Amino acid sequence: MIATDRRPSLLASESGKVLLANTPAQRLKLDQDRLRKSLNWPMLCKQAHRAGSTAASFSLGSMELEGEVVHLSLDGRDGYLLRLAENDHEASWLRNRSRAAMLTRVAHDLRTPIQSLLATAEKVLDVGEQSTAAEKEQARQQLRQSSEVALDHISNVLGVIRGDKSLAGIRPDETFNITEELRSLVMMIGPIARQRKVALKLWLDPHEDTWVHGPVRFVRALFQNIIDNSAKYGGTEVEISLTCRPLSSPDEQDESVKIALTVKDLGGGLPPEQKARLFEALDQSEKLNERATSGPPSAGLNVLAHALRQLGGKLDLSDRYAESDKTGSDASNDVVGTVITVTLNLQKGERISALDDPERALPLQDASLSGRSIILVEDSPSSRDWLTHILRNAGAQVWAAGNGIEALSLLIRPDIRDRLDLILTDMTLPYMSGLEFAERLRQSEQTPWTGPIVALTAHVADEVVSACHAAGIVEVLEKPIRPSHLRNAILAALKTPSAPEEPAPAPQRPVSNKGNRDDLLNDYIVSDLLSQLGTDGAVSFMRRALDEAASVLSRIREEGSGVDTGRMLHAATGACTLTGLSAVETCLRDMEHAFNNGSSLEACQSHLENALLETRKAIEALT
């Protein structure tokens, strides 16, 4: 028996079968069919099961109904209680209160990317840090990259506001790469840490991308607040580690992943008042004998607590003690910092656009890089996937890192360092440039590396090449690069006999808009993709680039031009160039030119739309 007031209330199963309903709910005719169609009931039940409760909002005829779904345990089974607002006044009050809380969290989350931009700009403006033209160009490239990362995060945060059409901004869960989300956050927070002279370390276990399905916005908020706080107040060093372990449900139908983020700092430990405020925000005050004495939890703690509740996660906090010395003596009792660990479970997600195709890999005995081990440092996910595929298909073992911080942490591991043959790094990296990364490799006492370093860059100027050689880089390669050229350059750096050079590419034909396949796709690049990935892999990669261009067009039409438009156009252009989508690439370049000149984009939009439609047909014809 459940006692209710005049508000429409019902108890239902996850399938939507109504178990109990009071008279007001019966008048609304809220049956299984309406629950599933009007409320997306299964999604709400998953969110309520994870967080304890979740907001609900839907239209029923001319009525707009607001309320919440609460998870109840019914003698070993799950039930879900739907409670709706009693009247319009109560619904408006609930909606406004929820939106005010959401805007407070959003405003707090915007602080970190803005501070990251300012920290990077200060570095570029500091004339004393850059003495050569190459260093100045690297600093400018870093500012562009940091701006892109920060703007991406700002766009994600603003997307929460744009999606807030009802109570609490109900948004469906998404499939996302949690490893890449963490890399992106470290890239964004890196300039802030650098400004404060804080060394960041990043550990991934396993060192592979992990795809999950869940509320990515809350994962971002949780990770960002913990890491940002440690970077600002955690002393001279912050260690960040992400562990992902598969979990199987009893019926083996709903696989999940246990995720643990651990952040260790050297900030001297949290004072008792701050610990009390943290546990008060998490509703865990019973863990301490004393309560907070210096005010309520801060906005940051409230954001962290809210995200943790929505994820159904757990937070553990402990003091960090000095490590034992080399003589084997016990660790010191002196508190040197804090260890924060958050654990949560999310559904396993399917990897999007995986490039590796084991059936097309060369036999290891025939592969030119067989037996070689390489660390690849590349911040662009699509470029990193492509380069990893090329190297692995040539027989190499590859550890792919998204930035210099992650790569340095790999070199600390003896099992990797002792068998490593070569490091391949992009030159335009966040936090530390390729030049700085190479210099640290050569000068570090903890991670000394005397082996070959090969660099990739889109800007092969004489001063850049000279600076690279001075930093100990043996070869500088220009992007984009063909697989055979990359393999041969690595073999040359390893002083191994090279495979025969492939013939130089035929000149590309000018692109027009006649509409046949030769004008829509670059045959030479497409042929290379087909030979490397097979039909399914190549088509998947081309569709991914086409969807990125279509997404840019859709966003420009919905929101108009903004601060992020140039970056989005440039990224989409690069993806289309890499995959041979010639007509779409031409339209995007025209749009970039118009945007940079302050011209209207309307004419370019219609041309791009036509190119997208015709190119999609040409891609489908490949299958």
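Since the structure is predicted, the reported quantities are computational estimates derived from the model, not experimental observations. (Residues numbered from 1 in each chain as written. Predicted model: local features only at pLDDT ≥ 70, side-chain atom pairs only at ≥ 80, totals over all residues. Heavy atoms only, no water.)

Enquirer: Outline helix H20 (residues 602-621), supporting the account with residue identities and numerical values.
Expert: Here H20 is 20 residues long and its end C-alpha atoms lie 29 Å apart, about the 28 Å a rise of 1.5 Å per residue gives. For H20, the set of buried residues is Cys 604, Gln 605, Leu 608, Ala 611, Leu 612, Thr 615, Ala 618 and Ile 619. Take H20 and look down its axis: the buried residues cluster within an arc of 145°, on one side only. H20 presents Glu 602, Leu 613, Lys 617 and Ala 621 as exposed residues on the side facing more than 90 degrees away from its buried surface. (Helix = DSSP H or I, 4+ residues; strand = E, 2+ residues; numbered from the N terminus. Expected span 1.5 Å × (residues − 1). Buried < 20%, exposed > 50% of the residue type's maximum accessible area, 1.4 Å probe, protein only. Arc of directions from axis to C-beta.)

Enquirer: How would you summarise the environment of Val 69 if you had to cite specific residues and measurements?
Expert: When you line up the elements, Val 69 lands in strand E4 (residues 63-74). By relative accessible area, Val 69 is classed as buried at 0%. As for Val 69 and Leu 11, which are separated by 58 residues in sequence, their C-alpha atoms are 9.4 Å apart. Setting aside residues up to four positions removed in sequence, Val 69 forms contacts with Trp 41, Leu 44, Ala 48, Gly 52, Ser 53, Thr 54, Ala 56, Tyr 80, Leu 81 and Leu 82. (Contact = heavy atoms within 4.5 Å.)

Enquirer: Provide a residue-level description of the side chain of Thr 457, including the pertinent values.
Expert: Locating Thr 457 in the fold gives a position in strand E16 (residues 453-457). When its relative accessible area of 2% is taken as the criterion, Thr 457 is described as buried.

Enquirer: I'd like to hear about the packing of helix H11 (residues 404-412) against helix H13 (residues 434-443), residue by residue, with values.
Expert: Axis separation between H11 and H13 bottoms out at 11 Å; the angle between their running directions is 20°. Considering their axes alone, H11 and H13 lie roughly parallel with respect to each other. Both H11 and H13 take part in a crossing whose hand is right-handed. Mapping the contact onto sequence places Gly 404, Ala 407, Leu 408 and Leu 411 in H11 and Phe 437, Arg 440 and Leu 441 in H13. When its residues are assigned to classes, the contact of H11 with H13 shows five nonpolar, one polar and one charged. (Axes fitted to C-alpha atoms, helices over the stretch in contact; angles between N-to-C directions. Parallel < 35°, antiparallel > 145°, perpendicular 65-115°, else oblique. Left-handed = near helix turned anticlockwise from the far one by under 90°. Nonpolar A, V, L, I, M, F, W, Y, C, P; charged D, E, K, R; others polar.)

Enquirer: Could you give an account of the sheet that holds E4, with specific residues and numbers?
Expert: Strand order in the open sheet formed by five strands is E2-E1-E5-E4-E3, with antiparallel pairing between adjacent strands. The open sheet terminates on both sides in strands that have one partner only, identified here as strand E2 (18-21) and strand E3 (53-60). Going from strand to strand, the sheet's axes swing by 25° on average, the running direction of each strand aside. Docked against the sheet, helix H3 (residues 41-51) engages strand E1 (9-12), E3, E4 and strand E5 (77-84), running at close to 160° with respect to E3. (Pairing = 2+ DSSP bridges.)

Enquirer: Lay out the nonpolar core in plain terms, naming residues and giving numbers.
Expert: Among the nonpolar cores identified, the biggest contains 76 residues, and Ile 178, Leu 182, Leu 222, Phe 223, Ile 259, Leu 315 and Ile 375 are the most heavily contacted of them. Ranked by residue count, the leading element in this core is helix H7 (residues 216-233), at nine residues. The next biggest cluster of nonpolar side chains, apart from the first, holds 57 residues, and it includes Leu 422, Leu 486, Ala 583 and Leu 601. (Core = buried A, V, L, I, M, F, W, Y, C linked by side-chain atoms within 4.5 Å.)

Enquirer: Tell me what's going on with the pattern of salt bridges, and back it up with residues and numbers.
Expert: If you walk through the whole model with that rule in mind, you get 23 salt bridges. In this structure, Glu 180 and Arg 384 form a salt bridge, with 2.2 Å as the shortest nitrogen-oxygen distance. Remark: Arg 384 occurs in helix H10 (residues 381-393) and Glu 180 occurs in helix H6 (residues 178-195); sequence separation between them is 204 residues. On the basis of relative accessible area, Glu 180 is assigned to the buried category, the value being 13%. With relative accessibility at 2%, the residue Arg 384 sits in the buried group. A salt bridge links Asp 205 to Arg 245; the nearest nitrogen and oxygen atoms lie 2.6 Å apart. Note that Asp 205 is positioned in strand E7 (residues 199-205) and Arg 245 in strand E9 (residues 237-247), a separation of 40 residues in sequence. By relative accessible area, Arg 245 is classed as partly exposed at 37%. Salt bridges sharing common partners tie together Glu 180, Arg 183, Asp 209, Arg 384 and Glu 406. (Salt bridge = Lys/Arg side-chain N within 4 Å of Asp/Glu carboxyl O.)

Enquirer: Describe the confidence of the model for the protein chain, naming the residues involved and giving the relevant values.
Expert: Across the protein chain, the average pLDDT comes to 79, with 76% of residues at or above 70. Under a pLDDT of 50 for its full length, residues 325-330 has, in the predicted model, two contacts with residues more than four places off or in other chains. Note that pLDDT drops below 50 for residues 497-518; the model gives that stretch 30 contacts with residues more than four away or on any other chain. (pLDDT = per-residue confidence, 0-100.)

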